[in-house]
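# Structural overview for review
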Amino acid sequence: MAKKKVTKRSWAEPFKIKVVEPIKMTTRENREKAIIEAGYNTFLLKSDDVYIDLLTDSGTNAMSDNQWAGMMLGDESYAGSKNFYTLWDKIKQYYGMPYFVPTHQGRAAEHMVSQILIKEGDYIPGNMYFTTTRLHQELAGATFVDVIIKEAHNPVSNHPFKGNTDLNKLEDLINKVGAKKIPYVCIAGPVNMAGGQPFSMANLLEVKELCKKHKIKLWFDATRACENAYFIKLREEGYQDKTIAQILKEMCSHFDGLWVSAKKDLMVNIGGILATRNKKVYEEARNMVVIYEGLHTYGGLAGRDMEAMARGMDEMVMFDNIKARVGQVEYCGKRLQEYGVPFVKPIGGHAIFLDAKKFLPHLKQDQFPAQTLASEIYADSGVRGMERGIVSAGRNRDTGEHNYPKLELVRLTFPRRVYTQAHIDVAVESIATVYENRNKIKGLKMVYEPKYLRFFQARFEKL
Ligand SMILES: *Cc1c(COP(=O)(O)O)cnc(C)c1O
């Protein structure tokens, strides 16, 4: 009998499962009812009705036994908790920033940074917008200006660093509005809204030089910085032999300050960080946090949360952890490719972004193709993804019209250390089934629209 020859050596996760959480199995009938009740918005589904939840990787991480052990060591003193000092030390160690204010999650830090640095009428250039980041910049009186390279808006471009900033676009803005109207340039990576694509260290250096020349500050949305470091190690000349921790620290060394949603890289369920080398900004933030979050030694968090964050930092820079995470996303992408399902290339760090414009070419953008696709996939199998298209892009602040983003995407985001390869197989096969039946799919109309971040709570009906 012919035996199969070994042609490859597969990788596997650098951890095993110690605790399991049962999930409910649902029928097509259950799910069709649930999605109508949710107004065709996957954010409004009850998680109990979801089988495989790829809505977000935000706060959905499985913590390690070491993190859980740390939860028992929470020092819940109102002031001066020892976990706060442990966390502060880790922030100095990994991000290299001397000053730190804890917040309950990322947007609370975005709020404070925006309020402290922005004046009415300012401009904030950035490598593509992120929903909460831009909103806080706008609420503080600024106009966000997208200065990402054009490849970022092209879902089939294979550029290795689609998160890079276009220096010409940035310089044009500086010439147009004047450096005095630009308190800081805002850089994130991998860029969520561009399909989880990284920026390169070389590009960051160029941005920094330009900022320095015009005395403009540089701030970092470092929420997913370790994944950006991972891609730099893999793709950028000269970084192959550096550790993730070294690359992370080098990246951060170019910034004046940063914020982090700990719900991503740090592998916890809640938490945020504002860290800076600017003492004046730090002192303002330390004062402001008392109004919105709590004392500056807990910032809306329990002591145990800060301990889990500190321990998560040791794990976030482990190469094998990131490799397994990105490897799972790659596995999903390669399998979708076998069925010809269109998605953003190259495959991103934390998610697959289905290209809803290509998937449902018969739907106009104001019939919400990505919203439609997300609800169809849910009805097929209970797999929950998220719209990242016209609904997420909101309305123009001046004209009140929809913003029409070039990309109309459904994001399938992978919670860290939560699902197995078998779950991914089920998700892929469901998406491929929806793709086979795509011609029969009808669009949606919006019947309820909230004022802020409408994608979270908007409701729709079938056309
Ligand atoms: C999640 C996220 C935020 C917001 O953080 P929250 O913890 O959800 O408030 C900001 N920026 C990026 C890049 C994110 O992924």
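Bear in mind that the values here come from a model prediction, so they are computed numbers and not experimental data. The residue numbers shown here count from 1 along each chain, following its written sequence. Only residues with pLDDT of 70 or above have their local features reported here, since the model is predicted, and side-chain atom pairs are shown and tallied only from 80 upward, although totals for entire chains, interfaces and linings are computed over all residues. For side-chain calculations, the full set of non-hydrogen atoms in the structure is used, while hydrogens and water are omitted.

Bringing the packing of helix H14 (residues 369-381) against helix H16 (residues 421-436) into the picture now. In this analysis, axes come from line fits to C-alpha atoms, helices being fitted only over the stretch in contact, and the angle between any two N-to-C directions falls in the range 0 to 180 degrees. Helix numbering and strand numbering both begin at the N terminus, where a helix is a DSSP run of H or I of at least 4 residues and a strand a DSSP run of E of at least 2. Interhelical geometry of H14 versus H16 gives an angle of 120 degrees and a closest axis separation of 9 Å. Of the two possible hands of crossing, H14 and H16 adopt the one that is right-handed. Judged by residue contacts, Leu373, Glu376, Ile377, Asp380 and Ser381 of H14 engage Ser430, Ile431, Thr433 and Val434 from H16. Among the residues making up the contact of H14 with H16, the classes are represented as four nonpolar, three polar and two charged. A crossing counts as left-handed when the near helix is turned anticlockwise from the far one by less than a right angle, and as right-handed when that turn is clockwise. In this description, contact between two residues means that some pair of their heavy atoms is separated by no more than 4.5 Å. Put simply, Ala, Val, Leu, Ile, Met, Phe, Trp, Tyr, Cys and Pro go in the nonpolar bin, Asp, Glu, Lys and Arg in the charged bin, and everything else, Gly too, in the polar bin.

Further remarks concern unusual backbone geometry. In this structure, the amide linkage connecting Gly189 to the following residue, Pro190, adopts the cis form with an omega of -10 degrees. The phi torsion at Lys215 lies on the positive side, around 55 degrees, for a residue other than glycine. Within the secondary structure, Lys215 sits in the loop between helix H7 (201-213) and strand E6 (217-221). The exposure class of Lys215 is exposed, given its relative accessible area of 76%. If you check the backbone angles, Met267 has positive phi at about 60 degrees while not being a glycine. Inspection of the secondary structure puts Met267 in the loop between strand E7 (257-261) and strand E8 (272-276). Throughout this description, buried means an accessible area under 20% of the type-specific maximum (1.4 Å probe, protein chains only), exposed means over 50%, and partly exposed covers the range between.

An automatic or database domain assignment is the source of the domain bounds shown. For the protein, the assigned domains read domain 1 (28-57 + 319-462) and domain 2 (65-316). Its C-alpha centre places domain 1 at a distance of 26 Å from the equivalent point of domain 2. Residue-level contacts link 33 residues of domain 1 with 40 residues of domain 2. Here's the idea: put two parts together, see how much 1.4 Å probe accessible area each one loses, and the total over both is what we call buried area. Note on domain 1 versus domain 2: buried area summed over both sides is about 2900 Å², and carbon and sulfur give 58% of it. Three residues stand out in domain 1 for area buried against domain 2, namely Ile322, Pro346 and Arg397, and they jointly supply 19% of the buried area on that side. Every case where a carboxyl oxygen of Asp or Glu lies within 4 Å of a side-chain nitrogen of Lys or Arg is listed as a salt bridge. Summed over the shared surface of domain 1 and domain 2, the result is four salt bridges. In protein, a polar contact means a hydrogen-donor-capable atom and an acceptor-capable atom, both N or O and within 3.5 Å, with residues adjacent in sequence counting only if both atoms are side-chain atoms; elsewhere, any N or O pair within 3.5 Å suffices. At the boundary of domain 1 and domain 2, one finds 13 residue pairs in polar contact (both at pLDDT 80 or more). Of all elements in the fold, only helix H12 (319-338), strand E9 (351-355), helix H15 (390-393) and strand E12 (409-413) reach the threshold of two or more residues within the side of domain 1 that touches domain 2. For the side of domain 1 that touches domain 2, the element with the highest residue contribution is H12, accounting for six residues. Tallied by class, residues from the side of domain 1 that touches domain 2 come to 15 nonpolar, six polar and 12 charged.

Let's shift gears to the state of the cysteines. To count as a disulfide, a pair of cysteine sulfur atoms needs to be within 2.5 Å. Scanning the entire structure with this criterion turns up zero disulfides. Looking at the unpaired Cys211, the closest cysteine sulfur is the one in Cys186, lying at 11 Å. We note that Cys226 lacks a disulfide partner, and the nearest cysteine sulfur, in Cys252, lies 8.4 Å from it.

This paragraph deals with the site of the ligand. Note on terminology: near, applied to a residue and a molecule or strand, indicates that one of the residue's heavy atoms is within 4 Å of it. Around the ligand lies a shell of 13 residues, among which Gly106, Arg107, Asp221, Ser261 and Lys264 are the nearest. Residue Gln105 places a side-chain N or O atom 2.9 Å away from an oxygen atom belonging to the ligand. One nitrogen or oxygen atom from the side chain of Arg107 is found 2.8 Å from an oxygen atom belonging to the ligand. Among the elements that take part in the shell around the ligand, helix H4 (residues 106-117) stands out by supplying three residues, more than any other. Each residue belonging to the shell around the ligand can be placed in one class, and the counts come to one nonpolar, six polar and six charged.

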